[in-house]
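Fold and geometry: a report
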Amino acid sequence: MMDIAASVSLYKPLLKWAGGKRWLVPTLRPLWQRFVASCPNGRLVEPFCGGLAVTLGLLPRRALLNDVNPHLIHFYRAVQRGLTIDMPMENDAGLYYQHRDRFNALIRQGQADSDEAAALFYYLNKTGYNGLCRFNKQGLFNVPFGKYKRITYQRDFHAYREVFAAWEFRCGDFETVKVRPGDFVYADPPYDVVFRQYAAEGFSWQDQERLARWLASLDVPVAVSNQATDRIVELYRSLGFTVYFLQGPRMISCTGDRSAAREVLAVKGLVSSGAR
């Protein structure tokens with residue numbers, strides 16, 4: 001197998017993703033490297049893997065990557081199989097809505113795990129408004145056409161097959177993720193803000209509390225990021241986490257605002273050197 005650690009710059013996130021954490025990788029990398037130094041066979045676990053910015057930034061040899069969005073996981077599994085796309089992909093509103101209708105038809109027909117659905121999901125993600133991934137209460141994709149001047153599409157994903165080969169992708173609620181000794185958990189849940197419709201189910205304050213309690217119960221190193229709301233800070237501090245404050249790009253909003261936003265990195269069983 002190639003030396004993946006020497007190929008960091010080769011692997012960029014394949015999808016646009018609201019709230020992506022590529023900017024956080026330089027802060028997380030020293031924590032991960034210290035963990036791997038003490039646990040060479042350690043596994044990175046992400047209960048909310050999203051756009052894979054952190055996993056592709058750290059490039060662990062072993063990873064368990066979970067998300068509640070089945071279409072996202074179907075896409076990554078298709079990439080593992082060597083996905084190639086031969087359907088038309090253009091930055092065109094008519095084609096976009098045609099492909100969106102076809103994607104939703106596959107969902108209705110129970111074929112959302114097909115390679116065709118994975119290809120459509122990729123196209124819709126790259127072409128839709130602000131890279132959002134939003135579904136209505138019926139579980140159908142409802143993001144409108146985007147406003148990009150130019151889009152670069154990828155058709156062959158074979159370059160990612162090797163790096164994905166030893167990674168396990170699964171779909172489910174975070175509490176169903178089986179964490180074991182030798183794991184390092186990084187959690188990036190939907191933020192504690194008004195917009196949180198990343199999946200049909202949404203993510204409520206009760207889910208935020210449930211997540212924090214679950215993370216606190218794990219007997220492994222944990223790092224979790226979130227918006228620095230007063231109640232998030234209080235929640236994690238009350239559970240024994242050390243909370244660091246960072247300035248990160250604002251998550252995608254309806255205005256496209258990407259100005260700096262105050263965020264937190266809460267850690268347990270780790271010491272952060274890059275946050276304040």
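Along each chain, the written sequence defines residue order, and numbers are assigned to residues from 1. Predicted model: local features are reported for residues with pLDDT of at least 70 only, side-chain atom pairs are reported and counted for 80 or more only, and whole-chain, interface and lining totals are derived from all residues. Only hydrogens and water are set aside when side-chain values are computed; all heavy atoms of the structure are taken into account.

**Looking at the nonpolar core**
Leu15, Phe75, Tyr76, Phe103, Phe164 and Trp167 are the most contacted members of the largest nonpolar core, which has 67 residues in total. Per the convention used, a helix needs a DSSP run of H or I reaching at least four residues, while a strand needs a run of E reaching at least two, with both numbered from the N terminus. Residue contributions to this core peak at eight residues, all from helix α5 (residues 115-127). Every residue in contact with leucine 15, bar those within four places of it in the chain, is listed here: Leu72, Phe75, Tyr76, Phe121, Tyr122 and Asn125. Residues Val185, Ala187, Leu215 and Leu235 belong to the second largest nonpolar core, which totals 26 residues. Among buried residues, the Ala, Val, Leu, Ile, Met, Phe, Trp, Tyr and Cys ones that are joined through side-chain atoms within 4.5 Å form a nonpolar core. Any residue under 20% of the maximum accessible area for its type is buried, any over 50% is exposed, and the rest in between are partly exposed; the area is computed with a 1.4 Å probe on protein chains only. By definition in these notes, contact holds between two residues if any of their heavy atoms fall within 4.5 Å.

**Section: helix α4 (residues 93-108)**
Working rule for helices: expected span equals 1.5 Å times residues minus one. Helix length check: α4 (16 residues) gives 23 Å between terminal C-alpha atoms against 22 Å at 1.5 Å per residue, within 8%. Of all the residues in α4, the buried ones are Leu95, Tyr96, His99, Arg100, Phe103, Asn104, Ala105, Leu106 and Ile107. The inward-facing, buried residues of α4 contact α3 (70-80) and α5. Polar contacts, as counted here, are pairs of nitrogen or oxygen atoms within 3.5 Å of one another; within protein the pair requires one atom able to donate a hydrogen and one able to accept it, and residues that are adjacent in sequence qualify only if both atoms are side-chain atoms. Between a side-chain oxygen at the N-terminus of α4 and the backbone nitrogen of glycine 94 the separation is 3.1 Å; the capping residue is aspartate 92. Positive phi shows up at glycine 110, right after α4, with a value of about 75°.

**Side note on the packing of aromatic side chains**
Ring pairs are drawn from Phe, Tyr and Trp, using the six-membered ring of Trp, whenever the two centres fall within 6.5 Å, and their geometry is named by plane angle: stacked under 30 degrees, edge-to-face over 60, tilted for the rest. Summed over the entire model, instances satisfying the criterion amount to 26 aromatic pairs. Ring geometry for phenylalanine 75 and tyrosine 122: centres 6.0 Å apart, planes at 10°, overall stacked. Placement of phenylalanine 75 in helix α3 and of tyrosine 122 in helix α5 is noted, with a sequence separation of 47 residues between them. Assessed through its relative accessible area of 1%, tyrosine 122 is described here as buried. On the numbers, 5.3 Å between centres and 50° between planes, the contact of phenylalanine 164 with phenylalanine 169 is tilted.

**Considering the environment of leucine 246**
Position of leucine 246 among the secondary structure elements: in strand β6 (residues 242-249). Leucine 246 gets classed as buried once you look at its relative accessible area, which sits at 9%. Sequence spacing of leucine 246 and serine 225 is 21 residues, and the spatial spacing of their C-alpha atoms is 9.7 Å.

**A closer look at the UniProt feature "binding site: S-adenosyl-L-methionine" (unreviewed entry) in the protein chain**
UniProt positions are given in the numbering used here, feature names are shortened, and annotations may be inferred rather than shown by experiment. When the UniProt feature table is mapped onto this chain, "binding site: S-adenosyl-L-methionine" (unreviewed entry) is found at Trp17, Lys21, Asp67 and Asp188. Take aspartate 67: it is sitting in strand β2 (residues 63-67). On the basis of relative accessibility, which here comes to 9%, the residue aspartate 67 falls in the buried class. When residues no more than four places from it in sequence are discounted, the contact partners of aspartate 67 are Pro47, Phe48, Cys49, Gly50, Leu72, Ile73, Arg170, Cys171 and Gly172. Tracing the backbone shows aspartate 188 in the loop between β4 (183-187) and α7 (205-217). Of the polar contacts made by the side chain of aspartate 188, one reaches the side chain of lysine 21; its length is 3.2 Å.

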